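Single-letter residue listing:
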Amino acid sequence: MYNIGTDGGKHMRRRHYLTITFFVVILSATLFSYSLYQNRTKDELLIHDVSRLFPAHVKEIVQGQEEEALIAAVKIARDKDLKISIAGSKHSQGGHAFYKDSVWLDMGTYNKVLELDEDRKTITVQSGTTWKQIQNFINPYGLSIKVMQSSNIFTVGGSLSSNVHGRDPKYGTIIETIDSFRLLTADGHIKKVSRTEN
């Protein structure tokens, strides 16, 4: 029987730890290099989330400046059996927000402030509008936003889709501050969603 002893056991554990560390560093460097390579390509159909770690090649990019373009894109995707990816400020990190060979709806350009009702203290915006845009718009009126994330870089549509909450829990989640919204369904129809409809 061979006895390693205390010093030998420590040496073996250290060697094992160094081996694992080496492989983790190599794997990280490989993933980083691949991501860097993907990010430098000029392929306009290669899209990224804000982390830039999980690029996806899409079939088409539709910028949502006009509602009709979004409706048409959804109908075409349905007819061709294509998946749809959607993003505003692209902060859904982790590679799950974009589908390969999908139709990507870029909501970042669907970002108009449509109406401000000072008396009711409500605002109507398109889903690609960022909280920063709203803050800049309502500030001259002495108004502020009741519920949003602590950062103002996100879009209203993205915040609504994940029902975010703000820093103050007494105001609840964002849905509690929404009177209504319009939803583009998978068949290309728009439905009004409120506490009394749909």
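See above for the structure.
Small disclaimer: the values here were computed from a predicted structure and weren't measured.

Rules used in this analysis
Residue numbers here run from 1 along each chain, matching the order of that chain's written sequence. Restriction of local features to residues with pLDDT of at least 70 applies here, the model being predicted, together with a cutoff of 80 or more for giving and counting side-chain atom pairs; totals for whole chains, interfaces and linings are based on all residues. Side-chain metrics rest on all non-hydrogen atoms present in the structure, leaving aside hydrogens and water. Helix and strand definitions here come from DSSP, where helices need a minimum of 4 consecutive H or I residues and strands a minimum of 2 consecutive E residues; each element is numbered from the N-terminal end. A simple rule labels every residue: compare its accessible area, found with a 1.4 Å probe on the protein chains alone, to the largest value its type can have, and call it buried under 20%, exposed over 50%, or partly exposed in between. Contact criterion: two residues are considered in contact whenever any of their non-hydrogen atoms come within 4.5 Å of each other. For this analysis, a ring pair means two rings from Phe, Tyr or Trp (six-membered ring only for Trp) whose centres lie within 6.5 Å, classed as stacked if their planes differ by under 30 degrees, edge-to-face if by over 60, and tilted for the remaining angles. What is meant by a nonpolar core is a set of buried Ala, Val, Leu, Ile, Met, Phe, Trp, Tyr and Cys residues, joined one to another through side-chain atoms within 4.5 Å.

Participant: Mind showing me how you'd approach the overall build of the chain here?
Facilitator: Within the chain, the secondary structure is distributed over four helices and nine strands. Counting from the amino terminus, helix and strand elements in the chain follow one another as α-β-β-β-α-β-β-β-β-α-α-β-β. Of all 198 residues assigned to the chain, the portion counted as buried reaches 26%. Across the chain, every contact between residues at least 6 apart in sequence was considered, and the portion connecting residues at least 24 apart equals 38%.

Participant: Would you take a moment to explain the packing of aromatic side chains for this structure?
Facilitator: Aromatic ring pairs are described here by two measures, namely the spacing of the ring centres and the angle between the planes. Following the criterion strictly, the structure yields two aromatic pairs and no others. Taking 6.3 Å as the distance between ring centres and 35° as the angle between the ring planes, the aromatic pair formed by Phe137 and Tyr141 counts as tilted. Judged by relative accessible area, which is 34%, Phe137 ranks as partly exposed.

Participant: For this particular structure, what's the right way to read the environment of Ser161?
Facilitator: Of note, Ser161 is situated in helix 4 (residues 156-161). Taking the C-alpha atoms as reference points, Ser161 and Ile175, 14 residues apart in sequence, are found 9.5 Å from one another.

Participant: How do you make sense of the nonpolar core when you look at a structure like this?
Facilitator: Proteins that are soluble and globular tend to have nonpolar side chains buried together. Val125, Trp131, Ile134, Ile138, Leu143, Val147, Met148, Val156, Val164, Ile174 and Ile178 form the largest nonpolar core, which has 11 residues in total. Per-element accounting of this core gives the leading share, three residues, to helix 3 (residues 131-138). Grouped together as the second largest cluster of nonpolar side chains are nine residues, Val62, Ala73, Leu105 and Met107 included.

Participant: Mind showing me how you'd approach the side chain of Ser102 here?
Facilitator: Here Ser102 shows up in the loop between strand 4 (84-87) and strand 5 (103-106). A relative accessible area of 0% places Ser102 in the buried class. The residues contacting Ser102, other than those within four sequence positions of it, are Val58, Lys59, Glu60, Lys83, Ile84 and Ser85.

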